[in-house]
Amino acid sequence: MIPEIGHFALILALGIAFVQVLMPLLGWRRRDPRLLAIGGSAAQGQFFCVFIGYACLTYSFIAKDFSVAYVAENAHSQLPLGYRITAVWGAHEGSLLLWTFMLSGWTFAVSIFNRRLPADLGALVLAVLGAISIGFLLFLLLTSNPFARLFPVPAEGHDLNPLLQDPGLAIHPPTLYMGYVGFSVAFAFAIAALITGKLDAAWARWTRPWTTTAWMFLTIGITLGSWWAYNELGWGGWWFWDPVENASFMPWLAGTALIHSLAVTEKRGILKSWTVLLAILSFSLSLLGTFLVRSGVLVSVHAFATDPARGLFILVFMAIVVGGALAIYAWRAPKLAVDIEMRLFSREGFLLLNNVFLVVACGAILLGTLYPMVLDTLKLKKLSVGPPYFNVVFLPLIAPLFALVGVASVVPWKRGRWSESWPRLKIALAITVVVAIAVPFALYSRATLLALTGGLLGTWAIVTAVQDVLRRIKAKPKFLAGVASVSRGVWGMTFAHVGLGVWAFGVSFVISYGFEQDVRLAPKAEATIGNYNFAFQGVLENQGPNYTAQQGSVTVSRDGKLVADLHPQKRFYPSQRNVLTESAVDAGLLRDLYVSLGEGFDDGSWSLRVYVKPMVRLIWLGGVLMFIGGGLAASDRRYRLARATERSAVTNGALPA
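Residues numbered from 1 in each chain as written. Predicted model: local features only at pLDDT ≥ 70, side-chain atom pairs only at ≥ 80, totals over all residues. Heavy atoms only, no water.

## Observations regarding the domain arrangement of the chain
Segmenting the chain into domains produces domain 1 (1–160), domain 2 (414–513) and domain 3 (515–616). With 7 residues of domain 1 in contact, the opposing surface of domain 3 contributes 5 residues. The contact between domain 1 and domain 3 buries some 500 Å² in all, and 44% of this surface belongs to carbon and sulfur atoms. Contact with domain 3 buries area across many residues of domain 1, yet Gln78, His158 and Asp159 alone supply 65% of it, more than any other trio. At the junction of domain 1 with domain 3, the criterion picks out 0 salt bridges. For the interface between domain 1 and domain 3, the tally reads 1 residue pair in polar contact (both at pLDDT 80 or more). Of the residues assigned to the side of domain 1 that touches domain 3, the class counts are 3 nonpolar, 3 polar and 1 charged. (Domains from an automatic or database assignment. Contact = heavy atoms within 4.5 Å. Buried area = accessible area lost by both parts, 1.4 Å probe. Salt bridge = Lys/Arg side-chain N within 4 Å of Asp/Glu carboxyl O. Polar contact = N/O pair within 3.5 Å; in protein donor to acceptor, adjacent residues only side chain to side chain. Nonpolar A, V, L, I, M, F, W, Y, C, P; charged D, E, K, R; others polar.)

Written out as structure tokens, the structure is:
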């Protein structure tokens, strides 16, 4: 009965989504405020129905209802309760329901928090979001029904993929989807503004917190995905340029460009056409990621489905959404031109250059991701594009970006003067050079070109960000008053730029100073890697809740002192006959010690993969700092005050309709 209720709730949500689209459009055409208001009520009703559907599927997993095919495929009676709950999004159908639930949640939030928007603009935003919901609900109901029944009912389930039985998977997909889906709000604001003609500084202020929130979630989602892959896949890497990894990174790059472009549009009222195009691009790349993961065009540990029919549905849906958006853009964009001078040596000029590098980097990744697939689809030839291509193409584009981040925070809006900016820049540059050279020698007694480059870029981003906020604090007579005077938006920018610098340190140092080695050790044998001694003590049997494991014991010492006792595992999941390597990591801010257990041999020896990872934690710390920065920026009080003021102005006729 519960699955039928969930299925009916999704059908009802589809019907309400049609109301959410049609009534606001009709109200806009007739200028009828009553019809416009129906969109908000419909959005809330749709959210309630999708929530019921999601809750019903979750209950089916908790109750171990193996009569539901999706539950039988992704659960097991011995699967712990926590993993039964996260198994809801462990495969295609449930993850698509999670996506739809997130989309309805964002729509619900817009209907609640944007009541101060002009009625026609707010209603059209909800109508666009409703149209997107229709596409995903149809996809869910027609090709990916999570409530399909199974008969005869199996006595036992197939179990969740062992790779997904990890705490990181409790947070990674929801946060990633919150970012993906969140860009639909920026997309909806862009389309609604194009239709109504209300595309000005006020529109940018309304759009910025939603875009920043989506970017914030996508940032932490990518960070958690990297952390999960590092801990769970057993190869000690934090990024592999996997096509699905790229699928999340591309909208992040476009979204980063969009955030900065919105700042220019809000402050100066320029770059409106470019900003709208970035909003369309960001959400289009999110849809592309959905296509790559669910179409079967690639094989990846991150991919969910291999059904070409599903891929065709998404492709057609994406063509309609993106094609329709670009058609509206072509229709309205010529009317967005403004006659405002923009100088290159100004904050907006450097932010525009920032955008150029971000979009070109995104295009380079898009080319490397799709080109092999296109060749394979056309039966021309098999081509593999991996880390060598992406590293060679991406790194030269990212280096100027770091330089621009620092300069843009120093140069004023409208008209910057070199004579005024250089004194602050030269102080930051001097500190940057000293720190970038001193840190590698202080920690490792040597410096590599990559470590120096990463240190320069990272320190530059950190120093210029901190310098900017200190300048604002010093403008007040008392320190605490100065701290209080700095807005959340500025603190958010500071945290995000510092996080970017910390990330650069982590990436360059782990590549420059890391060690890795495959060794074969008998019990009581030892191997020295870097400055550490790894002593293999042997392997014991271990019983888990739904697996058996061979658990190794490795003691790590340095200069005769015990540093860590590591226990990597080789797990066997009998329900799926799968073997999974569970790495053991001794984590630290300055280094990780990482051991994964390989194959056992007849003489009692085992192969081990051992890593020493200097500063690898800085990579994820940088992501966390950027996440915090996004949260601070999105919650800036001035957005709420601005919305109230502008709503009053619109009501009184002070702003153009």
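Let's pick the thread back up.
## Side note on the packing of aromatic side chains
In this description, an aromatic ring pair is defined by two values, namely the gap between the centres and the angle between the planes. Counted by the stated rule, this structure contains 34 aromatic pairs. Plain terms: the ring middles of Tyr54 and Phe101 are 5.0 Å apart, the flat faces sit at 10° to each other, and that makes the pair stacked. Placement of the pair is Tyr54 in helix H2 (residues 33–62) and Phe101 in helix H5 (residues 92–113), with a sequence separation of 47 residues. One exposure class covers both Tyr54 and Phe101, and it is buried. One aromatic cluster is present, built from ring pairs that chain together Trp215, Trp239, Trp241, Phe249, Trp252, Tyr389, Phe390 and Phe394. (Phe/Tyr/Trp six-rings, centres within 6.5 Å; stacked < 30°, edge-to-face > 60°. Helix = DSSP H or I, 4+ residues; strand = E, 2+ residues; numbered from the N terminus. Buried < 20%, exposed > 50% of the residue type's maximum accessible area, 1.4 Å probe, protein only.)

## Regarding the pairing of strand E5 (residues 561–566)
Bridge count between strand E4 (residues 548–558) and E5: 5 bridges; the pairing is antiparallel. In the sheet register, Arg558 faces E5, and the bridge partner there is Lys561. From the end of E4 to the start of E5, which pair antiparallel, there are 2 residues, and Asp559 there has a positive phi angle of about 55°. (Pairing = 2+ DSSP bridges.)

## Overview of the side chain of Lys198
Within the secondary structure, Lys198 is located in the loop between helix H7 (172–196) and helix H8 (201–232). A relative accessible area of 7% places Lys198 in the buried class. Within polar-contact distance, the side chain of Lys198 engages the side chain of Asp120 at 2.8 Å.

## Examining the pattern of salt bridges
For side chains of opposite charge, pairing can occur when their charged atoms come near one another. Within the structure shown, the criterion is met by 15 salt bridges. In this structure, Arg34 engages Asp32 in a salt bridge whose closest nitrogen and oxygen atoms are separated by 3.5 Å. A relative accessible area of 66% places Arg34 in the exposed class. A relative accessible area of 15% places Asp32 in the buried class. The partner of Glu266 in a salt bridge is Arg205, and the shortest N-O contact between them spans 3.9 Å. Of this pair, Glu266 sits in helix H9 (residues 243–268) while Arg205 sits in helix H8, and the two are 61 residues apart along the sequence. On the basis of relative accessibility, which here comes to 9%, the residue Glu266 falls in the buried class. What emerges from the salt-bridge pattern is a single network uniting Glu4, Asp65 and Arg149.

## Some remarks on the nonpolar core
Ranked by size, the top nonpolar core spans 145 residues in total, and within it Phe187, Trp203 and Leu253 carry the most contacts. Ranked by residue count, the leading element in this core is H7, at 16 residues. Leave out the neighbours within four places in its chain, and Phe187 touches Val128, Ile132, Ala279, Ile280, Phe283, Val321 and Ala325. The next biggest cluster of nonpolar side chains, apart from the first, holds 19 residues, and it includes Val519, Tyr532, Phe534 and Ala584. (Core = buried A, V, L, I, M, F, W, Y, C linked by side-chain atoms within 4.5 Å.)

## Concerning the side chain of His260
For His260, the position within the fold is in helix H9. Judged by relative accessible area, which is 19%, His260 ranks as buried. Every residue in contact with His260, bar those within four places of it in the chain, is listed here: Leu351, Asn354, Asn355 and His497.

## Considerations on the environment of Thr223
Looking at the element boundaries, Thr223 is found in helix H8. Sequence separation between Thr223 and Arg268 is 45 residues, and the spatial gap between their C-alpha atoms is 33 Å. Ignoring any residue separated from it by four or fewer positions in sequence, one finds Thr223 in contact with Trp620 and Gly623.

## Structural notes on the packing of H5 against H7
Put simply, H5 and H7 touch, their axes get as near as 9 Å, and they point 50° apart. When the axes of H5 and H7 are compared, the pair comes out oblique. The two elements H5 and H7 meet at a crossing, and its hand is right-handed. Judged by residue contacts, Ser95, Leu98, Trp99, Met102, Leu103, Trp106 and Val110 of H5 engage Pro174, Tyr177, Met178, Tyr180, Val181, Gly182, Ser184 and Val185 from H7. Residues belonging to the contact of H5 with H7 are distributed by class as follows: 12 nonpolar, 3 polar and no charged. (Axes fitted to C-alpha atoms, helices over the stretch in contact; angles between N-to-C directions. Parallel < 35°, antiparallel > 145°, perpendicular 65-115°, else oblique. Left-handed = near helix turned anticlockwise from the far one by under 90°.)

## So, the packing of H8 against H9
Taken N-terminus to C-terminus, the directions of H8 and H9 make an angle of 155°; their axes are 9 Å apart at the nearest point. The orientation of H8 relative to H9 falls into the category roughly antiparallel. H9 is crossed by H8, and the crossing has left-handed handedness. Together, Ala201, Trp203, Ala204, Arg205, Thr207, Arg208, Thr211, Thr212, Trp215, Leu218, Thr219 and Ile222 of H8 and Ser248, Phe249, Pro251, Trp252, Gly255, Thr256, Leu258, Ile259, Leu262, Ala263, Thr265 and Glu266 of H9 make up the contact between the two elements. Residues belonging to the contact of H8 with H9 are distributed by class as follows: 13 nonpolar, 8 polar and 3 charged.

## Side note on the sheet that holds strand E8 (residues 584–586)
Paired through their backbone hydrogen bonds, the strands of a sheet run either parallel or antiparallel. Here we have 4 strands laid out as an open sheet, ordered E1-E10-E9-E8, and antiparallel in their pairing. Since the sheet does not close on itself, it has two edges, and those belong to strand E1 (515–521) and E8, each with one partner. Between one strand axis and the next, the sheet turns through 20° on average, direction left out of account. In terms of strand pairing, E8 meets strand E9 (residues 591–600) through 3 bridges, oriented antiparallel. Opposite Val585, over in E9, you have Tyr594 as the bridge partner.

## Re a nonpolar patch on the surface
Taken together, the side chains of Trp418, Trp422, Leu429, Val433, Ile437, Phe441 and Leu456 define a hydrophobic patch exposed on the protein surface, amounting to about 630 Å² of accessible area. Considering the arrangement of structural elements, one finds Trp422 in helix H14 (residues 418–444). Exposure remark for Trp422: the relative accessible area of 34% places this residue in the partly exposed category. (Patch = residues over 30% accessible without salt bridge, like charges linked within 9 Å, V, L, I, M, F, W, Y side chains within 5 Å. Areas by Shrake-Rupley, 256 points an atom, 1.4 Å probe, with all protein chains shown as cover.)

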